[in-house]
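# Structural overview for review
Given next are the chains, with one letter for each unit.
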Amino acid sequence: MPHPASALLTDALDIEPDTARMLSSEPFGDGAVTGFALPDDTIAYVDTSGVAVSAETGWVADAGARERIWIHPADPHLPALAPVAFGETAGILLARLGIEAAGAPEMVGYRPGRRAVLRVETTAGASWVKVVRPSRVERIVDLHRHLTAGGMPVPEVLGWSPLGVLVLSAAAGTPATDLDGDPAALLDAIDALRAGLARVALPGTARTSLAARADWYAQTLGDMDREAAVVARRVAASVDRAEAQSGSATIHGDLHLGQLFLDTDGQVSGLIDVDTAGTGDPSDDSAAFIAHALASALASAAGPAERARGIAHEAARRWGDSPRVAVLTAVHLVGHAVGAMSTGDGARAHRLLRWADSAATPKRRLIDALDAA
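What you are looking at is a predicted structure, and each value in this text was computed from that prediction instead of being measured. (Residues numbered from 1 in each chain as written. Predicted model: local features only at pLDDT ≥ 70, side-chain atom pairs only at ≥ 80, totals over all residues. Heavy atoms only, no water.)

### Here we look at helix α10 (residues 323–342)
Taking 1.5 Å per residue as the helical rise, α10 with its 20 residues ought to reach 28 Å, and the 29 Å between its terminal C-alpha atoms agrees with that figure. Across the 20 residues of α10, 17 count as buried, placing the element largely inside the fold. Between the side-chain oxygen of the N-cap and the backbone nitrogen of Arg324 there are 3.1 Å, and the N-cap of α10 in question is Ser322. Looking one or two places after α10, you find Gly344, whose phi comes out positive at around 85°. (Helix = DSSP H or I, 4+ residues; strand = E, 2+ residues; numbered from the N terminus. Expected span 1.5 Å × (residues − 1). Buried < 20%, exposed > 50% of the residue type's maximum accessible area, 1.4 Å probe, protein only. Polar contact = N/O pair within 3.5 Å; in protein donor to acceptor, adjacent residues only side chain to side chain.)

### Comments concerning the nonpolar core
With 81 residues, the main nonpolar core has Leu221, Leu260, Phe289 and Ile290 as its most contacted residues. Per element, the largest residue contribution to this core is twelve residues, and it comes from α10. Discounting chain neighbours no more than four positions away, the residues touching Leu260 are Thr174, Pro175, Ala176, Ile190, Leu193, Leu255, Val268, Gly270, Leu271 and Phe289. Within the second largest apolar cluster, 21 residues are counted, among which are Leu81, Ala85, Leu94 and Val131. (Core = buried A, V, L, I, M, F, W, Y, C linked by side-chain atoms within 4.5 Å. Contact = heavy atoms within 4.5 Å.)

### Details of the sheet that holds strand β14 (residues 268–271)
A sheet is described by the order of its strands in space; here three strands give the open sequence β11-β13-β14, paired in antiparallel fashion. Taken across any chain shown, the strands that pair with only one partner, and hence form the sheet edges, are β11 (174–175) and β14. Alignment of strand β13 (residues 260–262) against β14, held across three bridges, turns out to be antiparallel. Paired with Leu260 across the strands is Leu271, a residue of β14. Strand contacts of helix α5 (residues 183–198): β13 and β14, with the helix running at about 60° to β14, the strand carrying the most contacts. (Pairing = 2+ DSSP bridges. Axes fitted to C-alpha atoms, helices over the stretch in contact; angles between N-to-C directions.)

### Some thoughts on the pairing of strand β9 (residues 157–161)
As defined by bridge partners, β9 adjoins strand β10 (residues 165–169) across four bridges and the pair is classed as antiparallel. Its bridge partner lying in β10, Ser161 is registered against Val165. Connecting β9 to the next strand, β10, in antiparallel fashion are three residues, including Gly164 with a positive phi near 110°.

### Things to note about the pattern of salt bridges
Within the structure shown, the criterion is met by 19 salt bridges. The salt bridge involving Glu56 is made with Arg68; its shortest N-O contact spans 2.9 Å. One end of the pair, Glu56, is in the loop between β3 (43–47) and β4 (59–60); the other, Arg68, is in strand β5 (residues 68–71), and twelve residues separate them in sequence. Taking relative accessible area as the criterion, Glu56 reaches 40% and is therefore assigned partly exposed. Accessibility expressed as a relative area gives 8% for Arg68, which makes it buried. Between Arg324 and Asp281 there is a salt bridge, with its nearest N and O atoms 2.7 Å apart. Taken together, the residues Arg324 in helix α10 and Asp281 in the loop between β15 (278–280) and α8 (282–298) connect sequence positions 43 residues apart. Asp281 gets classed as buried once you look at its relative accessible area, which sits at 3%. Among the charged side chains, a salt-bridge network with shared partners connects Asp188, Asp191, Glu314, Arg317 and Arg318. (Salt bridge = Lys/Arg side-chain N within 4 Å of Asp/Glu carboxyl O.)

### Structural notes on unusual backbone geometry
At the junction of His72 and Pro73, the peptide bond is cis and its omega measures out at 10° in the coordinates. Among the secondary structure elements, Pro73 is positioned in the loop between β5 and α2 (81–86). Phi is positive for Asp14, which is not a glycine, with a value near 55°. Positionally, Asp14 belongs in the loop between α1 (4–13) and β1 (21–28). In this model, Asp41 sits at a positive phi of 75°, which is unusual for a non-glycine residue. Looking at where Asp41 falls in the secondary structure, it is placed in the loop between β2 (31–37) and β3. Using a relative accessible area of 73% as the deciding quantity, one classes Asp41 as exposed.

### A word on the packing of α8 against helix α11 (residues 346–359)
Interaxial distance between α8 and α11 falls to 10 Å at its minimum, and their mutual angle equals 145°. In this structure, the crossing between α8 and α11 has a hand that is right-handed. Note on element contacts: α11 touches α8 through Arg348, Arg351, Leu352 and Trp355, opposite Leu294, Ala295 and Leu298. Taken together, the residues of the contact of α8 with α11 break down into five nonpolar, no polar and two charged. (Left-handed = near helix turned anticlockwise from the far one by under 90°. Nonpolar A, V, L, I, M, F, W, Y, C, P; charged D, E, K, R; others polar.)

### Digging into a negative patch on the surface
Together, Asp11, Asp14, Glu16 and Asp18 give the surface a local cluster of negative charge. By relative accessible area, Asp14 is classed as exposed at 68%. (Patch = residues over 30% accessible without salt bridge, like charges linked within 9 Å, V, L, I, M, F, W, Y side chains within 5 Å. Areas by Shrake-Rupley, 256 points an atom, 1.4 Å probe, with all protein chains shown as cover. Lys, Arg positive; Asp, Glu negative; His and termini not counted. Charge placed at Lys NZ, Arg CZ, Asp CG, Glu CD.)

### Notes on the packing of aromatic side chains
To describe a pair of aromatic rings, you give the distance between the ring centres and the angle between the ring planes. Scanning the model with the defined rule gives four aromatic pairs in all. Ring centres of Phe289 and Trp319 lie 5.5 Å apart, and the angle between their planes is 70°; this geometry places the pair in the edge-to-face category. One end of the pair, Phe289, is in helix α8; the other, Trp319, is in helix α9 (residues 302–319), with 30 residues separating them in the sequence. Overall, the relative accessible area of 11% leaves Trp319 in the buried class. Each member of the aromatic cluster is reached from another via a ring pair, and the members are Tyr45, Trp70 and Tyr110. (Phe/Tyr/Trp six-rings, centres within 6.5 Å; stacked < 30°, edge-to-face > 60°.)

Next up, the structure:
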């Protein structure tokens, strides 16, 4: 069934209802940001968040209405994105830091309304440009400073702008996603990293637990697939049954294999995307890691998929005895299912939901739930 945002888009842009293909949907503010591919190969976003911006960059409904629409990259929440990504601004910015760009910026990651990451080749190697909301940039710089002082292997901040731009050095080591090794040894290295991270005092709290998104996930899936929505509602109901916060420590806030780099000894030598770090429940990092590994297993070729499943199962064996970890893993899996369903991959979405449903079953160890599903 069509997503409600589709009607807003087609009415506003006066295009045929079935010509906009949904790409993504993510909760934001009091609503969501939903992306669509248009017939002319542009990407449009429908924003019902109600989050105020300094200037509108697209179509806005009548005064006081919640809806806005923009064409990528004119993200009103990230005012630096368009000039940095598609002009000479990135080169100028690097030059002011004494860095000579050797090519155009390449966008490697984008979460509408939240952040974008661009890779820029320079004469000294790759640098990374991160575009964030202006209100968040100074806190992210402070996080890097505190983590560096605490001995964490985060990239160096080469420069930043209050407009919402950071320039970061490349992480040291080899991406953990590119290496094939013993899952147990990898988890040993990650356990050591998490123990070190827990000892660093950071200002503020980590990203809000995805448990808070469970009802939104169920509602969103209800707009796309009734069977999926039934499972998502069961998972959302399980959140209230889960034990209270299992601890409080400094956590990453969005821990998964893609955030980690390893040295030649197999130790973590690089930790990236620490924007979400702060004081929080370690269960959230455990659940995010397990669910992301399972989702990666479904999106990978045979060899990498087998490795990802092995990593997920080893993590579930180590971290999954807590009922809260199991329930949070289920919520994360439902979130991944929303992403899969948004891109039209219903088979992958339903596989993720089977894992989620099993993980949320009361009195079942997470590793047993994953094996049973």
